[in-house]
Amino acid sequence: MAKLTKRTKKFMKNKLDQTLKQRQDAKKKQKYTQNKGKRVKDEPAEENEEEPEVVESQAPAMSVDDFLSGGFREGLEGEDEEEEAEEDDDDLDEVDDIEDAEAHAQDLAQLAEKDPEFYKYLQENDQELLHFGQNEDEEEEEDEENEEEDERLLTMDMLQQWQKSLLRHRSPRALRRLLLAFRSVLSSHDEEVQHAFHVQDSRVFSKLIITTLKYMPMVMEYHVPYKKTADGRFKVQTHTQKWHVLHRPVRSYFMSVIKLLQTLPEADMVYVALNESAKMVPYLHQDRRVARDYVRALLGQWSSGEDRIRLAAFSCLYVTTASALDDDMVDFCLKSTYHTLIRNTRNTKPHTLEHIALMKNTACELFTLHADASYQQAFGFIRQLAISLRNCLKLKTQEQFQTVLQWPYLHCLDFWSLVLAKTCHVDREQGVPSHMRPLIYPLVQVSLGVGRLVPMSRYFPLRLHVIESMLRLIQATHVYVPLAPLIIEVLESAEFQRRGKGATLKPLDLETTFRAPAAYVRTRIYADQLADEFAHVLLEFLATQARHIAFPELVIPITVQLRRALKTSPCVRLNEAVRPLLDKIRMNATWIEQRRSQVEFAPSDQSQVDAFLQNEASDAPLQQALRLARKVREQKRRLLEKTAHVVEDDEA
């Protein structure tokens, strides 16, 4: 008898008895049918006559050698071929194909030409696979018990065989084996799940993770290629037989990646998982449930961890949102991102400011992708802010005030000012009206209402945050927002009309403070800080209007109020901050008057008014002063970071 192959041995062990039983049952049924037909034909039975008992004949005996030499495949021809393709426990390709070193070298040479980046990765990280099949003499026969144990224990040799099969043939069977092992090792802690493989070596575990993440996009792109459309979406051929076979492995892959992102503590591995899974996003949108779970896992990494992991997670989130196939998925991505951002702004401290700023800037990019969906979401969330402010003004209860006077609310205002500034600035440069521009007015009204909500001096830092958000909006959109009254009210307040009492307190960290502690009220250190900050934001506001043709008339009431505040205020720091500003205002007004004296158009010609000084190369005096003030301010900020006092929750 010829030498049995490994596949035949496995068939004898796992399916021989079942196949023999099926053949015996089939012969019994055939014999029963023949006997019944013969009886009915020869001796018709009466109505009440009982049917004779049929004697079941035993199938003729057949030796194992006769069975294996031929005939058993006839009983399998009727089985469904697709069932074998979908089983997770299918065998790998023949060992003879795997050990063909010469063909393997040719495949690697072709890979180096077609995909040099992936071949370079193999050279740097997978030398064993490149030399697979060289100087190897594996045993061809193993004991059945050891063979069964090897199927459960994942080894480096098994991984190398799968890798080579994927490189040579892009084998879906090897891919299913790899994904099955990938899923098994990630759920190894779950005792209720039956695991097909287990790993005892950390090297094999790392190798399995990297292999799955690296090879899966390559195999999928080979079998199910996709095209990228002009609107950023991906067109995948989902009506082919290959996709019908591979859509389950894709689902298994993403479910394992989700579990990997949620449980793996190693930063390097998470970074690789994020970068590689981004290549599989074109195949993600066919399963909405998995896509939502994947977005949640990405948001979990985006809101925590190192900066490189945050950026990698956002890169995946950006591609997922941009390529979403329906509006529901786009809305889910935008809503989830916004809610995740707000949840992570409750704890605003110096060590979290940088991360919050990163989250705001990246989340802003998502709202520039889909115009209609972004408008709908922004409209709804800004309306919620307005409703909270209205309830606070009407009911005036402590609970309503707490919903507005908190960090998440302030960060919401700042975030939407950032979104509107980004979208309107881009559209203005392109010369088209922005789809988000109508939302500027309600956001400004809400912001001004929050700034004046509590006129107490303890809440002047909150007003400062609101003004800074509005300044960003003015600079990007060139929309006039009347911020001067909010600033002048602070400079004319009781904090500057009385001589401040001395104190040994440290300067406040105003970036992480929206309500000053009671100990700082009426102190000299607090008044000096407010004078510097509000004089600077007034300079920022006036610099945005410094080239406007109506600037001399615009600053008349501002100049009058500032001079009145200087006459009545005993604060030395306020005099030092405001007097140079008054001089610059006067110089800028004179500079505008000199240039507008040469114009020949009327104030009613709006196009000419808007084009005033557009070709002027030199900066206005206030713009020059602002540039110098920013440099000085940056130097002072670095010094204050070492000595500034951070307000804790119990102090506020």
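None of the values given here were measured: they were computed from a predicted structure.

### Let's talk about the overall build of the protein chain
- Across its full length, the protein chain holds 31 helices and two strands.
- Burial analysis of the protein chain (652 residues in total) assigns 43% to the buried set.
- Put simply, of all contacts in the protein chain between residues at least 6 apart along the chain, 75% involve residues at least 24 apart.
- Accessible area of the protein chain: about 36,400 Å², with a carbon and sulfur share of 48%.

### Some points on the side chain of Ser184
- Turning to its location among the elements, Ser184 is positioned in helix α11 (residues 172-186).
- Leave out the neighbours within four places in its chain, and Ser184 touches His195, Ala196 and Phe197.

### Quick look at the packing of helix α12 (residues 202-223) against helix α13 (residues 241-263)
- Contact geometry of α12 with α13 gives a least axis separation of 11 Å together with a crossing angle of 150 degrees. As judged from the angle between their axes, α12 and α13 are roughly antiparallel. Relative to α13, α12 is oriented so that their crossing is left-handed. Contacts between α12 and α13 involve Ile209, Thr212, Leu213, Met216, Met220 and His223 from the former and Lys242, Trp243, Leu246, Pro249, Val250, Tyr253, Val257 and Leu260 from the latter.

### Thoughts on the packing of helix α17 (residues 327-343) against helix α18 (residues 350-366)
- Across the interface, α17 lies against α18 with an axial gap of 10 Å and an inter-helix angle of 165 degrees. As the angle between them shows, α17 and α18 are arranged roughly antiparallel. Relative to α18, α17 is oriented so that their crossing is left-handed. Each of Leu334, Thr337, Thr340 and Leu341 in α17 lies in contact with α18, whose residues at this interface are Ile356, Met359, Lys360, Ala363 and Leu366.
- Here the residues of the contact of α17 with α18 sort into six nonpolar, two polar and one charged.

### A look at the packing of aromatic side chains
- Under the criterion given, the structure shown has 18 aromatic pairs.
- Here Tyr338 and Trp416 contribute two aromatic rings whose centre-to-centre distance is 5.2 Å and whose plane-to-plane angle is 35 degrees, an arrangement assigned as tilted. Of the two residues, Tyr338 is situated in helix α17 and Trp416 in helix α21 (residues 407-430); the sequence distance between them amounts to 78 residues. We note that Tyr338, like Trp416, is buried.
- Considering the side-chain rings of Phe460 and Phe534, the 6.4 Å spacing of their centres and the 75 degrees angle between planes classify their relative orientation as edge-to-face. In this pair, Phe460 is assigned in helix α23 (residues 460-477) and Phe534 in helix α26 (residues 524-544), connecting sequence segments 74 residues apart.

### Some points on the pattern of salt bridges
- Overall, the coordinates contain 26 salt bridges when judged by the stated rule.
- For the salt bridge of Lys279 with Glu276, the shortest nitrogen-to-oxygen distance reads 3.2 Å.
- The partner of Glu495 in a salt bridge is Arg522, with the nearest N and O atoms 3.1 Å apart. Residue Glu495 is found in helix α25 (residues 494-497), and its partner Arg522 is found in the loop between α25 and α26; the two are separated by 27 residues along the sequence.
- Salt bridges linked by common partners bring Lys214, Glu276 and Lys279 together as one network.

### Description of helix α28 (residues 556-568)
- Between its first and last C-alpha, α28 extends 19 Å over 13 residues, near the 18 Å set by a 1.5 Å rise per residue.
- Looking at the packing, one finds that the buried side of α28 touches α24 (484-491), α26, α27 (551-554) and α29 (572-596).

### Structural notes on the confidence of the model for the protein chain
- Looking at the protein chain as a whole, its pLDDT mean stands at 83, while 80% of the residues score no less than 70.
- For the protein chain, helix α5 (residues 95-98) is the element with the lowest average pLDDT, namely 34, and helix α22 (residues 440-451) is the one with the highest, namely 97.
- Within the model, the stretch residues 43-102 combines pLDDT values under 50 with 71 contacts to residues more than four positions away or in other chains.
- Note on residues 133-151: pLDDT is under 50 here. Beyond four places in sequence and across chains, it has 18 contacts.

### What to know about helix α31 (residues 621-643)
- Over its 23 residues, α31 runs 33 Å from end to end, which matches the ideal 33 Å to within 8%, given 1.5 Å per residue.
- By the burial criterion, the buried members of α31 are Pro621, Leu622, Ala625 and Leu626.
- For α31, the elements touching its buried residues are α26, α27 and α29.

### Looking at the side chain of Thr362
- Along the chain, the position of Thr362 falls in helix α18.
- Residue class for Thr362 comes out buried when judged on its relative accessible area of 8%.
- Separated by 3.1 Å, the side chains of Thr362 and Trp302 make a polar contact.
- Residues within four places of Thr362 in sequence aside, it is in contact with Trp302, Leu311 and Phe314.

### Some words on unusual backbone geometry
- Even without glycine at this site, Lys396 takes up a positive phi of about 55 degrees.
- Mapped onto the secondary structure, Lys396 falls in the loop between α19 (371-395) and α20 (398-404).
- For Lys396, a relative accessible area of 59% corresponds to the exposed category.
- Positive phi is not limited to glycine here, since Arg522 has a value of about 65 degrees.

### Details of the environment of Val319
- Along the polypeptide, Val319 turns up in helix α16 (residues 307-322).
- A relative accessible area of 24% places Val319 in the partly exposed class.
- Between the alpha carbons of Val319 and Ala278 there is a distance of 7.4 Å; along the sequence they are 41 residues apart.
- Leave out the neighbours within four places in its chain, and Val319 touches Phe234 and Val281.

### Structural notes on the environment of Leu464
- Note on placement: Leu464 falls in helix α23.
- In sequence terms Leu464 and Val537 are 73 residues apart; their C-alpha atoms lie 8.2 Å from each other.
- Sequence-distant contacts of Leu464, defined by excluding residues within four places in its chain, comprise Leu510, Glu533, Phe534 and Val537.

Procedures and definitions
- Residues numbered from 1 in each chain as written.
- Predicted model: local features only at pLDDT ≥ 70, side-chain atom pairs only at ≥ 80, totals over all residues.
- Heavy atoms only, no water.
- Helix = DSSP H or I, 4+ residues; strand = E, 2+ residues; numbered from the N terminus.
- Buried < 20%, exposed > 50% of the residue type's maximum accessible area, 1.4 Å probe, protein only.
- Contact = heavy atoms within 4.5 Å.
- Areas by Shrake-Rupley, 256 points an atom, 1.4 Å probe, with all protein chains shown as cover.
- Axes fitted to C-alpha atoms, helices over the stretch in contact; angles between N-to-C directions.
- Parallel < 35°, antiparallel > 145°, perpendicular 65-115°, else oblique.
- Left-handed = near helix turned anticlockwise from the far one by under 90°.
- Nonpolar A, V, L, I, M, F, W, Y, C, P; charged D, E, K, R; others polar.
- Phe/Tyr/Trp six-rings, centres within 6.5 Å; stacked < 30°, edge-to-face > 60°.
- Salt bridge = Lys/Arg side-chain N within 4 Å of Asp/Glu carboxyl O.
- Expected span 1.5 Å × (residues − 1).
- pLDDT = per-residue confidence, 0-100.
- Polar contact = N/O pair within 3.5 Å; in protein donor to acceptor, adjacent residues only side chain to side chain.

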